[in-house]
Amino acid sequence: MNQLSSFTGGLELGNLVVGSNLLCFSWAAISALQAELNQYQDQQSLSLRCRVYKRANYTIVALITSPSCTIHHLHQLGGDLVSSETLKENNFTLFEFLCSKGNPSFSIHRAAITLFYQYLSDLSQLKDQLVDSTTGQLLTDTPLIITGNSLGGSIASLFNLWLLESIDRSSTRRPLCVTFGSPLIGNLGLQGAILERPTWNSCFFNVAANQDPVPSLFVPSISPQPLASTPQTVLYRPFGPFLLCSESGCTCVDDPEVVSHLLEVMGLESRRSQVSAEYGALVENLKERFILRGSSLLGISGMDAGIFLQLEAIGDKRIQQQQQHDMDIADLIKKLKHRERICVLTKRKGLNRSRKLNDIKIKMAYLEWYKKSCNTIPKKNKKSFKADLIGYYDSYRDLLQCHDKKVTMYKKFLTAYWEDMVEEAEKKPHKEGSFLLLTWLFAGTNYRRMVEPLDIAEYYRAGKRNYESQGRSKHYILLEKWAKEGAEKPASAPTNKKKQNVAGILTEDSCFWAKVEEALISSELLKDATSSVIDKQSSREYLINFEAYLMEQIKNYAVSPEIFLQKSTFMKWWSGFQEIASNALLIDFMKNCRYVQYEKGCF
């Protein structure tokens, strides 16, 4: 394996990390740095050190605290959380990018964020060695691993978050953070911020042993412990896949709620144990162990059996001693079964969304057929001429066909779908939420150009004005904004291919017909003797701007030729406006019927 460009989930990432010797290399880097510091480091004051180690297949950054943070140190440091609001008040906004509309705040373990801030200068220099600040690309030739133990693992997680934010969103290479025996570092807000970004959660991998009390220190346990009994520590939540290990085996879990429940069990066991966790020996033996993932459990009979195996793998003595009817274990199994069902439903929802997009495409195909039928002369009707065609915008505006009512039904269905999609995307962080996935972004653009003209038709049919400023739905505005942001490069001169295909295009500006309607109203106001001086002046200004806009759209082959059908609202506007038109290029184009050549792509 020579790339760690993407990770897909708990079981897959667990097998990848264990099978690639990555855990051994990561722990070796931590051990080497710890041995180096132990020779001369003052053991009284807490400090942070880091080293970059080059390996044949990896670049490993080790972050450790000196002295090594144990349960005793963490008890002294405390388990309270610092909110993003407090960080902002103290002018520390480095992690403000984690806030979004759907997740407006977060909190971080005070000891971790304090140490991070204390060594910010060193960490900034390290970051500059790893990421190109101009291009947002990783500077390492091999996959980058950030690793740390205990509180050092907490700093590694924060540092990895900082790196992930700095890396260009389109990059396929991202660092992986591997922690050993690290305490949880944040609340539900921090967990939510990471889960909002589809690729980030799998950029963290946490190893925890059942004999190590540190990973479960801030988790409310089955039997209360000093730090986990306070309101602050109850708020801690995990993120990223966890490899939970014991002498009996190991299990890889990526559902945060299941992780919390299993860490509680391991916390109970660690307090019973008289032996400290040895991660060096643990990672050496991992390859021989069976990695079990409770949310798959293929080949295991029954959900209960799978959960029992999972609990046994993390060293739960109650399972090993067949105490399955103990009230505490029965309650735990009930919780795990509940989470299992939720995971299954969540996955089905993801699949259903893809299926629903296919349903959306079918309904869009009907609207495309409707548009084509409005612009095509029926073969059976020999008395029909192209001059009689009106176009799909005006057909729907005036409800001329029997199909129009069915179009309304499809339009409502499509709009409900895209309003929900946009609302969900808007809640996500800017880098993730301002671009829908490419498939959805393309479909959303097609939807906007096809359906918004129908909304405009309804709006002006009702005698209203100023659609763009007063009537336009927010989801159209955002879809247009994201489409422009997602464009690889600014619009340029039309290509030959675009010219050749202009006859079948959708008008690119989905508000085009609103501009035409306003131009028609402005023309009438300008000619109306009863109009005020102010109305005439504003109408004249609007029409001058509209002429320039119209010619720009025509030059870029950005409007559908159907606007030039003789009975369209556009041609109605032109027939009443042409005598007072001022744009010479537009006058020449229209009076010399150059739109006939335009439809053929050779105007």
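Relevant structure appears above.
Criteria and cut-off values
Residues numbered from 1 in each chain as written. Predicted model: local features only at pLDDT ≥ 70, side-chain atom pairs only at ≥ 80, totals over all residues. Heavy atoms only, no water. 1 Å grid on protein atoms, 1.4 Å probe; cavity = no way out; pocket = protein on both sides within 12 Å on 5 of 7 lines; lining within 4 Å. Points joined across faces, edges and corners; volume = space filled by probe spheres on them. Nonpolar A, V, L, I, M, F, W, Y, C, P; charged D, E, K, R; others polar. Salt bridge = Lys/Arg side-chain N within 4 Å of Asp/Glu carboxyl O. Helix = DSSP H or I, 4+ residues; strand = E, 2+ residues; numbered from the N terminus. Buried < 20%, exposed > 50% of the residue type's maximum accessible area, 1.4 Å probe, protein only. Axes fitted to C-alpha atoms, helices over the stretch in contact; angles between N-to-C directions. Parallel < 35°, antiparallel > 145°, perpendicular 65-115°, else oblique. Left-handed = near helix turned anticlockwise from the far one by under 90°. Contact = heavy atoms within 4.5 Å.

Student: Explain empty space enclosed by the protein here, please?
Tutor: Over the atoms, a rolling probe the size of a water molecule traces out where space has been left empty. Going through the model one piece at a time under the given rule, you end up with six cavities of 30 Å³ or more. Quantified by volume, the second largest cavity comes out at close to 100 Å³. Considering the residues around the second largest cavity, the lining is formed by Ser157, Thr179, Ser182, Pro183, Leu184, Ile185, Asn206, Arg237, Pro238, Phe239 and Phe242. Residue composition of the lining of the second largest cavity, by class: six nonpolar, four polar and one charged.

Student: Where do I start with the pattern of salt bridges in this structure?
Tutor: Close approach of charged atoms lets side chains of opposite charge pair. Applying the stated criterion to the full structure yields 14 salt bridges. The salt bridge partner of Glu452 is Arg472, with a shortest N-O separation of 2.7 Å. Separated by 20 residues along the polypeptide, Glu452 in helix α18 (residues 438-461) and Arg472 in the loop between α19 (467-471) and α20 (474-486) bring together distant segments of the chain. For Arg472, a relative accessible area of 15% translates into the label buried. Here Lys515 ties to Asp509 by a salt bridge, and the two come within 3.0 Å at their closest N and O atoms.

Student: Is there a simple way to explain the packing of helix α23 (residues 533-555) against helix α25 (residues 584-591) in this structure?
Tutor: Between two packed helices, what matters for the description is the angle formed by their axes and the separation of those axes. Where α23 contacts α25, the two axes come as close as 9 Å, and the packing angle between them is 60°. In terms of their interaxial angle, α23 and α25 are classed as oblique. The element α23 and its partner α25 pack so that their crossing is left-handed. Residues Glu547, Leu550, Met551, Ile554 and Lys555 of α23 form the contact with α25, whose own contacting residues are Leu585, Leu586 and Phe589. Residue classes in the contact of α23 with α25 are distributed as six nonpolar, no polar and two charged.

Student: Even after reading the chapter, I still don't get the packing of helix α24 (residues 569-577) against α25, so can you show me in this structure?
Tutor: Between α24 and α25, the shortest axis-to-axis distance is 12 Å and the interhelical angle comes to 110°. Regarding the angle of α24 to α25, the classification is roughly perpendicular. The crossing of α24 and α25 is left-handed. On α25, the residues that touch Phe570, Met571, Trp573 and Trp574 of α24 are Leu586, Ile587, Met590 and Lys591. Its residues assigned to classes, the contact of α24 with α25 shows seven nonpolar, no polar and one charged.

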